[in-house]
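Given next are the chains, with one letter for each unit.
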Amino acid sequence: MIPRIADHSFWMFRYLERGEILARLLSATHLAEMDFNSLSERKELILLTLSQEKNLFLKLYNVKAIDIELILYFLIWQELNPNSLSSLFKSARQNAQLIREVISEQMWREINALYLYLGKSPQDTSMHERHDFYAYILGKILRCKGHFYNSLHRDDYFYLMEIGSLYERVMQVYHMLNSLPLFLTDKESEAQFEILNLLLECFASTENYLKWEAGFQLEAFVEFFLQDKSSPYSLQYGLNKIAQNFASLSTHSKLPKPDIIFETTEYLSNVLPATFLDPNENEQKQTMRELLNQINSTLQTSLSELSVV
Amino acid sequence: MTSFFTEQIHLGRGLFKDYELQPGTFDEFFEAEENIFLQKIIHYFEKYSLERFMPLHEKAFQLFRQRGITFNVYKEQCGQEKIFPFDLLPRPIVYDQWLTIQKGLAQRILALNAFLQDIYGEQKILKDKVLDRELVLSAKGYLPKLQGITPPGGVYIHVSGIDLIRDGSSFAVLEDNLKVPSGVSYVLENRRITKQLFPEIFAQVPVLGINDYPAQLKKALYALLPESYEDPLLVLLTPGPYNSAYYEHLYLAKRMGCPLVRNQELVVENGKVYLKTLSGLKRVHMIYRRTDDEYLDPTVFKPDSCLGVPGLIDAYRRGNVVLANALGNGVADDKAIYPFVPQIIRYFLGEDPILPQIETYSCADPSSREQILANLSSYVIKIVNQSGGNGILIGEQATRQQLKEMGERIKANPRDYIAQPLKQLSTCPTLHNGKICPRRIDFRPFIIYGQTPWVLPGGLTRVALLKDSYIVNSCQGGGSKDTWVLGPI
């Protein structure tokens, strides 16, 4: 395994995953906001919070009244936002370009087409075109992933790419769960339904959740994303899969042992869903954060270790 | 009726440039109540030319096709799949009107449910001679084998679709569908398509959301289960992919997160229902069944039914499985009972009906029958236990031979027929053969009843695509429109 490729593989998929989740959030919000319901008052907050760039937005625009069109521009096109769709796919493509010999030609074409599409799309996409715009982006990412799973050799690069994707998911879901108390300021069931429905759509989990649980209950929602072992977006699933992929790496014996991942999944099994519904800091939240930080360090260390392997 | 918009009709702009009102009918766009949101809708669509609008229609068709949103037509060879014709121009309902409809529907369902409880219970309404015993108990949908069985929570009508029309400015009930009403999946998909194609108008006009229908249905059904059940299983029972509404079964099963099962996948053992899975039998607690009553259990009803589950009624009788809708609802939506629903409402609820209904005459009544037979061409004749527009004769449009044959059928089986005066259904601008023209519509809102009735803020507007046609049913060439219940001003 060539260290440069290992690093770019990991990051290419992190950016793609981050872009996919953001595109889905934007698409779900676009559809949901057309209904006359209580989501209308919260969509700006949800978009900025989940993008994790609220502070940058306020710094760049310094506006008193937050305009949804400005937020959309910031999240889709703003070059100064490293986590806009445009920036994310540019970064994904840059990484893909540097490992072109390793990824399949079909994967490269999908990522490149995505980059070119964003480059030539008008930055003032009308409401009329937005649905098709998001659908195109999501289609391209899913096709890229399809080629990835369908045709790529199961070597170390494959496992690292998947680790990148899974880790990004874990961090995004964790952030979403932490943000719930901000979104759900009242317990009105209609508002709760709209927001939970939106978040399920954002994380492509609506159908899986509905198979798992009878209704849109808050605690069940949190439990699903924390502890369900079969849902591809739950923390348990993501962390277990990361650990498996680590074990599959041919150089795994030379890497730091990912015991921290097992420790985290063990801890996760006992975390109370109510923890994340508490707007205040508490011991379980703090421990989860520390564990995830340690996983991050392990991953970073592993990638640097790979440079010297 | 003249209205605020009449002047603008004569001016005619853009898409409605050549639009002409149909004489004697009420137009939902141009003769409706003064409402700022309705005005915005008209102005929005006015900006389209036919040249710009037609490709959107084609796009909608392609979207339906890509997503496989179809229905099967039995008359065609082997139940051919067809795209449900969809007209892009929505049907608006203003908020104040909606509030009345909502209250009226909830009242109607409560009363009809109480009627079913009573008919399968003490039959007080018959003992008090409010309704004729023979008329009720001779209904094809009355199932005497279920006498004495009360479903959980006393709820019979978990899901209903009540057909409404507008003759003039008020809504009236045309028909009740209490057995296995269909159409809600098209309501949800129609909305998805119009949001995709006309997002800008939703930013200008508040349209009440309908997305939570599957969640509401699931919640209502689960609310009826005893608390003692751990991890109860709900399944959706479908007759299979050749059923006309199979797409809807599939859609609802996915959106509710419950298994879609066929009869051969269920088995009854020791009075309990189980789902056959690869890891063994799994207990089923509740079945949202889309199979008609008479096909459900060959050991009780039709012995040659290939769609049933032997022993299912026994499990139901023992209270070991909840069936939604309950069995035997057909007695309440029998067209011969329909004329008496206002009395049913007064009897069980002590209230006057909020929603009026069409005056209806039963051919079973000798004096009505005489009047009907003498004036067949003035009535719409319906068979009491048919649906889908089948068996309807519109006297005004019938030939002499058809009228004669109908007269003979009525004389042979008078209980099986009712007559109603022909009502001018309201019209709505509709694209047909490259032109925008008025076409007749009706409206089917859906009501879910778990602990209390919940009315979906929208519904299926069905449109008769042919000029001068009154038949809106999909299997007879009708189409549908998105229904926009507008928010409060």
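Being a predicted model, the structure only gives us computed values, none of them experimental.

Parameters at a glance
Residues numbered from 1 in each chain as written. Chains lettered and ligands numbered in written order. Predicted model: local features only at pLDDT ≥ 70, side-chain atom pairs only at ≥ 80, totals over all residues. Heavy atoms only, no water. Helix = DSSP H or I, 4+ residues; strand = E, 2+ residues; numbered from the N terminus. Rg over C-alpha atoms; globule rule 2.2 N^0.38 Å. Buried < 20%, exposed > 50% of the residue type's maximum accessible area, 1.4 Å probe, protein only. Contact = heavy atoms within 4.5 Å. Expected span 1.5 Å × (residues − 1). Pairing = 2+ DSSP bridges. Axes fitted to C-alpha atoms, helices over the stretch in contact; angles between N-to-C directions. Buried area = accessible area lost by both parts, 1.4 Å probe. Polar contact = N/O pair within 3.5 Å; in protein donor to acceptor, adjacent residues only side chain to side chain. Nonpolar A, V, L, I, M, F, W, Y, C, P; charged D, E, K, R; others polar. pLDDT = per-residue confidence, 0-100. Parallel < 35°, antiparallel > 145°, perpendicular 65-115°, else oblique. Left-handed = near helix turned anticlockwise from the far one by under 90°. Salt bridge = Lys/Arg side-chain N within 4 Å of Asp/Glu carboxyl O. Phe/Tyr/Trp six-rings, centres within 6.5 Å; stacked < 30°, edge-to-face > 60°. Lys NZ or Arg CZ within 6 Å of the ring centre and 35° of its normal. Core = buried A, V, L, I, M, F, W, Y, C linked by side-chain atoms within 4.5 Å.

## Focus on the overall build of chain B
Thought 1: Scanning chain B from N- to C-terminus turns up 14 helices and 23 strands.
Thought 2: Whereas a compact globule of 489 residues would reach a radius of gyration of roughly 23 Å, chain B reaches 23 Å, a difference of no more than 12%.
Thought 3: Overall, chain B is about 70 × 60 × 45 Å in size when its C-alpha atoms are taken along their principal axes.
Thought 4: By the burial criterion, 59% of the 489 residues in chain B qualify as buried.
Thought 5: In chain B, 70% of the contacts between residues at least 6 apart in sequence involve partners at least 24 apart.

## Some remarks on the overall build of chain A
Thought 1: From N to C terminus, chain A includes 15 helices and one strand.
Thought 2: Here chain A has a C-alpha radius of gyration of 19 Å; the compact-globule value for 309 residues is 19 Å, and the two agree.
Thought 3: Expressed as lengths along the three principal axes of its C-alpha atoms, the size of chain A is roughly 55 × 50 × 40 Å.
Thought 4: Relative to its full complement of 309 residues, chain A shows a buried share of 58%.
Thought 5: Looking at chain A alone, contacts between residues at least 24 apart form 68% of all its contacts between residues at least 6 apart.

## Considerations on unusual backbone geometry
Thought 1: Cis peptide bonds are those with omega within 30 degrees of zero, and the linkage from A324 of chain B to N325 of chain B qualifies with -5 degrees.
Thought 2: Structurally, N325 of chain B can be placed in the loop between strand 13 (322-324) and helix 12 (341-349).
Thought 3: Look at A204 of chain A: it is not a glycine, yet its phi comes out positive at around 45 degrees.
Thought 4: Located in the positive-phi region is N270 of chain B, a residue other than glycine, with phi close to 50 degrees.
Thought 5: Along the polypeptide, N270 of chain B turns up in the loop between strand 9 (266-269) and strand 10 (272-277).
Thought 6: Residue N270 of chain B is classed as exposed on the basis of its relative accessible area of 71%.

## Comments concerning helix 7 (residues 184-197) of chain B
Residues three or four positions apart in an α-helix share a direction because the helix packs 3.6 residues into each turn.
Thought 1: The end-to-end C-alpha distance of helix 7 of chain B, which contains 14 residues, comes to 20 Å, matching closely the 20 Å that a straight helix rising 1.5 Å per residue would cover.
Thought 2: In terms of burial, helix 7 of chain B is largely enclosed, as 13 of its 14 residues are buried.

## Examining the sheet that holds strand 7 (residues 234-237) of chain B
All names here are of chain B.
Thought 1: Read from one edge of the open sheet, four strands run 8-7-12-13, paired in parallel fashion. Sheet topology places strand 8 (260-261) and strand 13 at the edges, where each strand pairs with a single neighbour.
Thought 2: Where strand 12 (residues 286-289) meets strand 13, three bridges bridge the pair, whose relative direction is parallel. Paired with M286 across the bridge in strand 13 is V322.
Thought 3: Those strands touched by helix 9 (residues 213-222) are strand 7, strand 12 and strand 13, and its axis lies near 135 degrees from that of strand 12.

## Some details on the interface of chain B and chain A
Many structure descriptions define interface size as the accessible area lost when the parts assemble.
Thought 1: Counting residues at the interface gives 26 residues for chain B and 17 residues for chain A.
Thought 2: Interface area, chain B with chain A, both sides summed: about 1900 Å², of which 58% is carbon and sulfur.
Thought 3: For the chain B face of the interface with chain A, the top three residues by lost area are K195, Q196 and P199 of chain B, together amounting to 26%.
Thought 4: Inspection of the region where chain B meets chain A yields eight residue pairs in polar contact (both at pLDDT 80 or more).
Thought 5: Of all elements in the fold, only helix 3 (50-67), helix 7, helix 8 (199-204), strand 6 (207-208), helix 9 and helix 10 (246-256) of chain B reach the threshold of two or more residues within the side of chain B that touches chain A.
Thought 6: Among the residues making up the side of chain B that touches chain A, the classes are represented as 13 nonpolar, five polar and eight charged.
Thought 7: Relative to strand 6 of chain B, strand 1 (residues 35-36) of chain A runs parallel, the two being bridged by two bridges.

## Some thoughts on the side chain of T298 of chain A
Residues and elements named next belong to chain A.
Thought 1: The residue T298 is located in helix 15 (residues 283-308) in this model.
Thought 2: For T298, a relative accessible area of 15% puts it in the buried group.
Thought 3: With residues near it in sequence (within four places) discarded, T298 still touches P258 and I260.

## Quick word on the pairing of strand 15 (residues 379-383) of chain B
Residue and element names in this part refer to chain B.
Thought 1: Burial of strand 15 is extensive: five of the five residues sit out of reach of the surface.
Thought 2: Residues Y379, I381 and I383 point to one face of strand 15 and V380 and K382 to the other, with burial holding for every one of them.
Thought 3: When strand 15 meets strand 17 (residues 417-421), the two strands line up antiparallel, connected through five bridges. Across the sheet, the residue bridging to I383 is Y417, located in strand 17.
Thought 4: Alignment of strand 15 against strand 16 (residues 393-394), held across two bridges, turns out to be antiparallel. Along strand 16, the bridge assignment pairs I381 with L393.

## What about the sheet that holds strand 15 of chain B?
All names here are of chain B.
Thought 1: In space, the four strands of this open sheet follow the order 14-17-15-16, with antiparallel pairing throughout. The open sheet has two free edges, formed respectively by strand 14 (361-362) and strand 16, since each of these has just one partner strand.
Thought 2: As defined by bridge partners, strand 14 adjoins strand 17 across two bridges and the pair is classed as antiparallel. Bridge pairing links S362 to I418 in strand 17.

## Observations regarding the confidence of the model for chain A
Thought 1: Residues of chain A with pLDDT of at least 70 account for 96%, and the chain-wide mean is 88.
Thought 2: Mean pLDDT in chain A bottoms out at helix 15 of chain A, which sits at 81, and peaks at helix 5 (residues 85-98) of chain A, which reaches 94.

## Quick notes on the packing of helix 8 (residues 156-183) of chain A against helix 9 (residues 189-202) of chain A
All names here are of chain A.
Thought 1: Between helix 8 and helix 9, the least distance of the axes is 12 Å, while the angle of their chain directions is 160 degrees. Taken together, helix 8 and helix 9 sit at an angle that is classed as roughly antiparallel. Handedness of the crossing formed by helix 8 with helix 9: right-handed. Every residue of helix 9 that contacts helix 8 at M176, L180 and F183 is listed here: I195, L196 and L199.
Thought 2: Among the residues forming the contact of helix 8 with helix 9, the class breakdown is six nonpolar, no polar and no charged.

## Considerations on the pattern of salt bridges
Close approach of charged atoms allows side chains of opposite charge to pair.
All names here are of chain B.
Thought 1: The full count for this structure, using the stated rule, is 38 salt bridges over all chains.
Thought 2: Note that D333 is salt-bridged to K179, the shortest N-O span being 3.0 Å. Linking D333 in the loop between strand 13 and helix 12 with K179 in the loop between strand 5 (170-177) and helix 7, this pair joins segments that are 154 residues apart in sequence.
Thought 3: Judged by relative accessible area, which is 36%, K179 ranks as partly exposed.

## What about the packing of aromatic side chains?
Thought 1: Scanning all chains against the criterion turns up 52 aromatic pairs over all chains.
Thought 2: Judged by centre distance (6.3 Å) and plane angle (35 degrees), the ring pair of Y209 of chain A and W212 of chain A falls under tilted. Here Y209 of chain A pairs with W212 of chain A, and both are found in helix 10 (residues 206-212), just three residues apart, close to one helical turn.
Thought 3: According to the relative accessible area criterion, Y209 of chain A is buried, its value standing at 0%.
Thought 4: Taking 6.5 Å as the distance between ring centres and 35 degrees as the angle between the ring planes, the aromatic pair formed by F45 of chain B and W484 of chain B counts as tilted. Taken together, the residues span a long stretch of sequence, with F45 of chain B in helix 2 (residues 36-46) and W484 of chain B in strand 23 (residues 479-485) at a distance of 439 residues. For the pair shown, F45 of chain B and W484 of chain B are each scored as buried.
Thought 5: An aromatic cluster is present here, built from F193, F203, Y209, W212, F216, F221, F224, F225 and Y233 of chain A joined pairwise through their rings.
Thought 6: For R169 of chain A, the ring lying beneath its charged end belongs to Y233 of chain A, and the centroid distance is 4.1 Å.

## Considerations on the nonpolar core
Thought 1: Formed by 102 residues in total, the largest nonpolar core has its most connected members in I137, M161, M176, L177, F221 and F225 of chain A.
Thought 2: Looking at this core element by element, the count peaks at 15 residues for helix 8 of chain A.
Thought 3: When neighbours within four sequence positions are excluded, F225 of chain A is seen to be in contact with V173, M176, L177, L200, F203, S205, Y233, S234 and L235 of chain A.
Thought 4: Counting residues in hydrophobic clusters, the runner-up holds 80 residues, among them V136, A139, A315 and V321 of chain B.

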